[in-house]
Amino acid sequence: MSVDILEMVLSRAQKAGAAQVDALLIRSNAIETRVRKDEIDFVKQSSERSLGLRAMIETRDGICTAVTSTSDLSTDSLIDLVDATANLAKATAPDPFAGLPQKEFVDDNENLELFDENDKLFSVDNHIEEARTAELAARNHDDRISNSEGSESSAEFLEIHYANSKDFFGTFSSARHSLFSMPIAKENGSMQTDFWATTARKRSALENAELVGRRAAERAIRRLGAVKVPTCEVPVIFDPLTSRSILSHVATCVTGSAVYRKTSFLANKLGDNIANSMLTIIDDGRLKGGLGSRPFDGEGLPTRRIMIVKKGRLNSFLLDTYSAKKLNLTSTGSASRSASSRPSPAPSNIWIEPGELPPEKLISEVGNGLYVTSLFGHGFNPTTGDFSRGAAGLWISEGEISHPVEEITIAGNLSKMLLSVDGIGNDLLWQGNIAAPTIRISEMTVAGES
């Protein structure tokens, strides 16, 4: 049925004048449950389907493009959608860089381990029980766990179907399973919360529910009694959750759309040494079981392993067909799209290669400094690299964790931060499609009490 739908809309769009056309059909089924203390907070089940259509009209000055989407897959609705999309395309300005890829599309059937059929047997009651187990484990871990924002267990199953007018048709199934817990700790008038989560393509790869609850409780408890620190310039260590946030800023700056628009401080740095030589960043759309893995990108091109930063040197951007044409480069198979959007470059599974030192060793080498466990706000300017984020964490004194700190701001410039990395841990952590180990930066401004 999916093939028939895609063939119909492509054929009609071509008859309506579209020289190039592609379509994306997405089907999803999801379950989400939350338990808070002893009560079931909510249970959600959803089944959705959507089709996105991109029609491209060729003119003397370039290609006119329109993108539309619908959740109504009836024949009459699809006919109306196709005709409206073609008419919209004719009304848009031509762009010489628009169009489908010119090179070969994916033609292999590699198993990327994105889905386990047996996981569909995990019922709503099973999800509720799993969330309840994590919630109870957090509460039983310590008497100071007084309340909770809840524990959640969820699953989503996707079917992706893509076709274009260059005779490519691709399909794959994937899943995403998650377990999350966020307890509240209270002691001597101090109240703190923190979380822990586990996410994977297959249920067998998730952490145990009791472990998730206990880790969340431990993180909340260690924040009790947090204080401010005086403004200072000290070494800063980012734990894997917060270093992942730093990497996400880098990922934003190496996407082709940011580069050709000159909204990235890395726009003119290809081939330059932008970081300490110990830093290597990889993006791999074919990582087995990766949460961003897929056999082909949003334009049907094969995904691949990309060495973005190799030993400090900026080796590659992340490119779709459009941004590659704008930059006179070649697509890296990094196009991402939803049913309602046109393709744009984005990371698949991106990570910082771990080092050899345990995080305890990185901490022990710091006299006085900050170990960051939480970042807040969106204080990053990709054009300049300026970085300023609210933070909380643990103070390091004479190489040991001393006490929790909060209500501070960490400031610097990402360009200098990358060059000032002087330690990388061996604790690479995957909780999404962006992952990083513990990272130490030799010096940053920590703004607290004046």
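Thresholds applied
Residues numbered from 1 in each chain as written. Predicted model: local features only at pLDDT ≥ 70, side-chain atom pairs only at ≥ 80, totals over all residues. Heavy atoms only, no water. Helix = DSSP H or I, 4+ residues; strand = E, 2+ residues; numbered from the N terminus. Rg over C-alpha atoms; globule rule 2.2 N^0.38 Å. Buried < 20%, exposed > 50% of the residue type's maximum accessible area, 1.4 Å probe, protein only. Contact = heavy atoms within 4.5 Å. Lys, Arg positive; Asp, Glu negative; His and termini not counted. Charge placed at Lys NZ, Arg CZ, Asp CG, Glu CD. Pairing = 2+ DSSP bridges. Axes fitted to C-alpha atoms, helices over the stretch in contact; angles between N-to-C directions. Core = buried A, V, L, I, M, F, W, Y, C linked by side-chain atoms within 4.5 Å. Phe/Tyr/Trp six-rings, centres within 6.5 Å; stacked < 30°, edge-to-face > 60°. Lys NZ or Arg CZ within 6 Å of the ring centre and 35° of its normal. Salt bridge = Lys/Arg side-chain N within 4 Å of Asp/Glu carboxyl O. Polar contact = N/O pair within 3.5 Å; in protein donor to acceptor, adjacent residues only side chain to side chain. Expected span 1.5 Å × (residues − 1). Arc of directions from axis to C-beta.

Caption draft 1: Representation of the overall build of the chain in the model. A tally of regular secondary structure across the chain gives 9 helices and 21 strands. A compact globule built from 450 residues would reach a C-alpha radius of gyration of about 22 Å, and the chain, at 24 Å, matches this within 12%. Split into buried and exposed, the 450 residues of the chain put 53% on the buried side. Considering only residue pairs separated by 6 or more positions, the chain has 72% of its internal contacts joining residues 24 or more positions apart. Here the chain holds 48 positive side-chain charges and 60 negative ones, and the gap between their average locations is 5 Å.

Caption draft 2: Expanded view of the pairing of strand 9 (residues 281-284). Along strand 9, one buried face is formed by I281 and D283 and the opposite face, lined by I282 and D284, is buried too. In this sheet, strand 10 (residues 305-310) lies alongside strand 9 in antiparallel orientation, the contact comprising 4 bridges. Its bridge partner being in strand 10, D284 is matched across the sheet by R305. Of the strand pairs in this sheet, strand 9 and strand 14 (residues 350-352) are connected by 3 bridges, and their pairing is antiparallel. Looking at strand 14, one finds that D283 is bridged to I350.

Caption draft 3: Fine view of the sheet that holds strand 9. The mixed open sheet is built from 6 strands, whose spatial order is 11-10-9-14-20-19. The outermost strands of the open sheet, each flanked by one partner alone, are strand 11 (313-314) and strand 19 (429-430). As defined by bridge partners, strand 14 adjoins strand 20 (residues 434-436) across 2 bridges and the pair is classed as parallel. Residue pairing in the sheet places I350 in a bridge with I434 of strand 20. Relative to the sheet, helix 5 (residues 240-253) contacts strand 9, strand 14, strand 19 and strand 20, its axis offset from that of strand 20 by approximately 125°.

Caption draft 4: Region of the structure containing the nonpolar core. If you look at the biggest cluster of nonpolar residues, it comprises 50 residues, and the most contacted ones within it are F238, I281, I308, L370 and I410. With 5 residues, helix 5 is the single largest residue contributor to this core. Discounting residues that sit within four places of it in the chain, I281 has contacts with L247, V250, I306, M307, I308, V309, I350, W351 and I352. Core analysis: the second largest hydrophobic core is formed by 21 residues, I5, I57, C64 and L78 among them.

Caption draft 5: Main features of the packing of aromatic side chains. Taken as a whole, this structure holds 9 aromatic pairs when the rule is applied. A ring pair is formed by Y162 and F168, whose centres lie 5.9 Å apart and whose planes are at 45°; its orientation type is tilted. Look at F168 and you get buried, because its relative accessible area is 8%. Ring plane angle 80° and centroid distance 5.5 Å describe the contact between F168 and F296, whose orientation is recorded as edge-to-face. Remark: F296 occurs in the loop between strand 9 and strand 10 and F168 occurs in strand 5 (residues 168-187); sequence separation between them is 128 residues. The buried category is assigned to F296, whose relative accessible area is 4%. Aromatic rings pair up to connect Y162, F168, F172 and F296 into one cluster. Directly above the aromatic system of F42 lies the positively charged group of K44, at a separation of 4.8 Å from the ring centroid. The aromatic ring of F122 is capped on one face by R203, whose charged end is 3.5 Å from the ring centroid.

Caption draft 6: Inspection of the pattern of salt bridges at higher detail. Within this structure, the stated rule accounts for 22 salt bridges. Across the pair E187 and R144 runs a salt bridge, and its minimum N-O distance is 3.7 Å. Pair noted here: E187 is in strand 5 and R144 is in the loop between helix 3 (124-141) and strand 4 (145-164), with a separation of 43 residues, a long-range link. Residue class for E187 comes out partly exposed when judged on its relative accessible area of 31%. Under the relative-accessibility criterion, R144 is labelled partly exposed at 28%. In this structure, the salt-bridge partner of D239 is R219, at a minimum N-O distance of 3.6 Å. One end of the pair, D239, is in the loop between strand 8 (232-238) and helix 5; the other, R219, is in helix 4 (residues 209-221), with 20 residues separating them in the sequence. Like D239, the residue R219 is buried in the burial classification. The network of salt bridges with shared partners includes D194, R219, R223 and D239.

Caption draft 7: Fine view of the environment of T59. Along the chain, the position of T59 falls in strand 2 (residues 39-59). On the accessibility criterion, T59 (36% relative accessible area) is partly exposed. Between the C-alpha atom of T59 and that of Q14, which follows or precedes it by 45 residues, the distance is 15 Å. In contact with T59, other than residues within four places in its own chain, are C64 and P94.

Caption draft 8: How the structure looks around the side chain of D142. Relative to the helices and strands, D142 is located in the loop between helix 3 and strand 4. At a separation of 2.8 Å, a polar atom in the side chain of D142 contacts the main-chain amide nitrogen of R144.

Caption draft 9: Spatial organisation of helix 1 (residues 2-15). The end-to-end C-alpha separation of helix 1 is 20 Å, in line with the 20 Å expected for 14 residues at 1.5 Å each. Turning to helix 1, its buried residues are S2, I5, L6, V9, L10 and A13. The buried residues of helix 1 all sit within an arc of 120° when viewed along its axis, so they share a single face. Opposite the buried face of helix 1, at more than 90 degrees from it, the exposed residues are D4, E7 and K15. The secondary structure elements touched by the buried residues of helix 1 are strand 1 (20-36), strand 2, helix 2 (75-91), strand 4 and strand 5. Phi for G17, located one or two positions after helix 1, is positive at around 115°.

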